[in-house]
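Structural characterization, general
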Amino acid sequence: MKQLVNTTGSISPDYTIEQNERVIREFLRECNCDGIELIYDGADQATNLLKPHVMGYHLIFYPDWVDFWNGNVKSLKRKFGSEKMWKDFYRGDSRESLLNQFREDLNRAKLLGASYVVFHVSDVSIEEGYTYQWEHTDEDVVNASIEVINSIMGDPSFSFYFLIENLQWPGFSFTKPDLTKRLLSEIEYKKKGIMLDIGHLFCTNLELKSQAEGCEYVKRILDQHGRMVDDIKGVHLHQSVTGSYVKEFLQNSWNKPNENYYEHFRKSYEHIKRIDTHQPFSDAGIWDVIDQIGPEFLVHELAASSLEEKKSLVKVQQHTLGIA
C-alpha cells in the first residue's frame, strides 16, 4: 500500500517555485509517504518540478455542472444572474469546451506519469449546499457523468487507473450498491475503479456521533457492496462528524444573498468546509476499514494551512493506523 498526501502544484505561498521540489521531497521523507496526489492550480513550472513525486492526479471539477452540460439556460441564469457570468465561470459555452478542459487535464496527468486520476461524480449548487433540497437525482448526475467520462477517456495512450470519487451530494455517494455497479459497468475505460473518500461517506449519515460510529457505518456499506470492494483502488482518508452542524442550519430558512456570484461562491465554500472538515482520524477503528478494503493507494487528504501543520496531521493519522 502506497501512502500519499494531497497538494497543489504551488505547495505553499511561503516557497518559491525553485524551492518546491526540495521542500516536497523533505516533506515526504519526514511524513514517511511515497508520493503526492496532485491537483493542478495553474502553476505549470512548479507542477513540472513535482513530476518525480506524482502518483495520483485529481482532475479538475465544477461542483455545479449538470445544468451546464444539459444546456439548461433557465437554471444557469437563475443561479449566476447573467449569461456572461456562467460562461465566464465555466470558461466556455458548450459541452465541447468542458470536455476540452478535462482532456487537457488528463494529458497533464499522463505527462506527469500519474498512476491514477480521480473524477468527481457529483453535482451540488450553492443553494443546495444550504438547503439539502436537490434539483437533480443521483441518476441524473450519473447519466451526465457517464456521458462525460466516455467522451474523454478514449485515448489509447492512457495507462493510469480512472477512479470515481464518492461525495455526499447527488451522484455517486457509495451508499447505493446498484448505482455503484452501474457506474463501473457503463464506464467504457477498462482500467477503472473507485477512490473511496471516507470523510465524504461519513457526511452521508447525519446521525453519526463519533468516529467509531462512522467506522461501523462504513463497514456496513462495504459489506453491502460485496465483491465491488475489490474495485476500490484508493482511499482518501479523513473524517468529518458534522451531522449536528448540518441539522442545525437546516432548521433555518435560507435566502439567496444579493451579491456577485464569485463572492457568493467564496462564502459558501467556507460553509462547506464546516461540513466536510478533512480532519485526521484519532479512532483506531479506522484500521479495520482500511484492512477490509486493502487499497493500493492511501491518501492522507487533510486540511491544513501549512506544510508543517499537514505534516503533524499526517503523523496523527499514521499513529492512529499504527503505521507511523
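For the structure itself, look to the data block above.
Residue indices begin from 1 for each chain and proceed along its sequence in written order. For a predicted model such as this one, the threshold for reporting local features is a pLDDT of at least 70, and the threshold for listing and counting side-chain atom pairs is 80 or more; totals across whole chains, interfaces and linings nevertheless cover every residue. Hydrogens are left out, water is left out, and the side-chain values use all remaining heavy atoms of the structure.

**Digging into the overall build of the protein**
Each helix is a run of DSSP H or I of at least 4 residues and each strand a run of E of at least 2, with the numbering of both proceeding from the N terminus. A tally of helices and strands in the protein yields 15 helices and eight strands. Atoms counted for the radius of gyration: C-alpha only. Globule rule: 2.2 Å times the number of residues to the power 0.38. Relative to the 2.2 N^0.38 estimate, which gives 20 Å for 324 residues, the radius of gyration of the protein is 19 Å and therefore close to what a compact globule would have. We call a residue buried when its accessible area falls under 20% of the maximum for its residue type, exposed when it is over 50%, and partly exposed in between, using a 1.4 Å probe and counting protein chains only. Here the protein holds 324 residues, and 54% of them are scored as buried. Pairs of residues are marked as contacts when any of their non-hydrogen atoms sit within 4.5 Å. Contacts spanning at least 24 positions in sequence make up 79% of the contacts within the protein whose residues lie at least 6 apart.

**Details of the sheet that holds strand E6 (residues 192-197)**
Here a strand pair is declared whenever DSSP counts at least two bridges between the two strands. The strand order around the closed barrel formed by eight strands is E1-E2-E3-E4-E5-E6-E7-E8, and the pairing between neighbours is parallel. Adjacent strand axes in the sheet meet at a mean angle of 30°, parallel and antiparallel pairs treated alike. Helix axes are fitted to C-alpha atoms over the stretch in contact, other axes to C-alpha atoms as well, and angles between N-to-C directions run from 0 to 180 degrees. With respect to the sheet, helix H14 (residues 286-293) is in contact with E6, strand E7 (232-237) and strand E8 (297-300), its orientation differing from that of E7 by roughly 160°.

**Remarks on the pairing of strand E1 (residues 2-8)**
Burial analysis of E1 places five of its seven residues in the buried class, the great majority of the element. By the bridge criterion, four bridges tie E1 to E8 in an arrangement that is parallel. The residue of E8 that forms the bridge with Lys2 is Phe297. Summarising the sheet, E1 and strand E2 (residues 35-39) pair through five bridges and their orientation is parallel. Paired with Val5 across the two strands is Ile36, which belongs to E2.

**Quick look at the pairing of E7**
E7 sits mainly inside the fold: six of its six residues count as buried. One ladder, built from four bridges, connects E6 with E7; its direction is parallel. Within E7, the residue paired with Leu196 across the bridge is Val235. In this sheet, E8 lies alongside E7 in parallel orientation, the contact comprising four bridges. Of the residues in E8, the one forming a bridge with Gly234 is Phe297.

**Side note on the packing of helix H8 (residues 138-152) against helix H9 (residues 177-186)**
Viewed as axis vectors pointing N to C, H8 and H9 meet at an angle of 15°, and their least axial separation amounts to 10 Å. One finds that H8 runs roughly parallel with respect to H9. Crossing angle aside, the handedness with which H8 passes H9 is right-handed. Where H8 approaches H9, its residues Asp138, Glu139, Val142, Asn143, Ile146 and Asn150 are matched on the opposing element by Leu179, Arg182, Leu183 and Glu186. Think of it as three bins: nonpolar holds Ala, Val, Leu, Ile, Met, Phe, Trp, Tyr, Cys and Pro, charged holds Asp, Glu, Lys and Arg, and polar takes everything else, Gly as well. Grouping the amino acids of the contact of H8 with H9 by side-chain chemistry returns four nonpolar, two polar and four charged. Working rule for angles: under 35 degrees goes down as roughly parallel, over 145 as roughly antiparallel, 65 to 115 as roughly perpendicular, anything else as oblique. For any helix crossing, the convention is left-handed if the near helix is rotated counterclockwise from the far helix by under a right angle, and right-handed if that rotation is clockwise.

**Overview of the state of the cysteines**
Any two cysteine sulfur atoms within 2.5 Å of one another count as a disulfide. Considering all chains together, one arrives at zero disulfides under this definition. Free of any disulfide, Cys31 has its nearest cysteine sulfur in Cys33, 5.2 Å distant.

**Here we look at helix H6 (residues 95-112)**
Taking 1.5 Å per residue, 18 residues should reach 26 Å; H6 reaches 26 Å between its end C-alpha atoms and fits that length. Inspection of H6 places Ser97, Leu98, Leu99, Gln101, Phe102, Asp105, Leu106, Arg108, Ala109 and Leu112 among the buried residues, and these make up the whole buried set. In this structure, the buried side of H6 is in contact with E2, helix H2 (44-49), strand E3 (54-58), helix H3 (66-69), strand E4 (116-120) and H8. A helix is expected to span 1.5 Å for every residue after the first.

**Some details on the environment of His58**
With respect to the helices and strands, His58 occurs in strand E3. On the basis of relative accessible area, His58 is assigned to the buried category, the value being 6%. As a C-alpha pair, His58 and Ala144 span 86 residues in sequence and 19 Å in three-dimensional space. Excluding residues within four positions of it along the chain, His58 makes contact with Glu37, Leu38, Ile39, Asp105, Val118, His120, Glu165, His236 and Glu301. Whenever a nitrogen or oxygen atom comes within 3.5 Å of another N or O atom, the pair is scored as a polar contact, on the condition that within protein one atom can donate a hydrogen and the other can accept it, and that pairs from neighbouring residues in sequence are kept only if both atoms are in side chains. Here the side chain of His58 touches His120 through a polar contact of 3.2 Å, side chain to side chain.

Keep in mind these numbers describe shape, not what the thing actually does.
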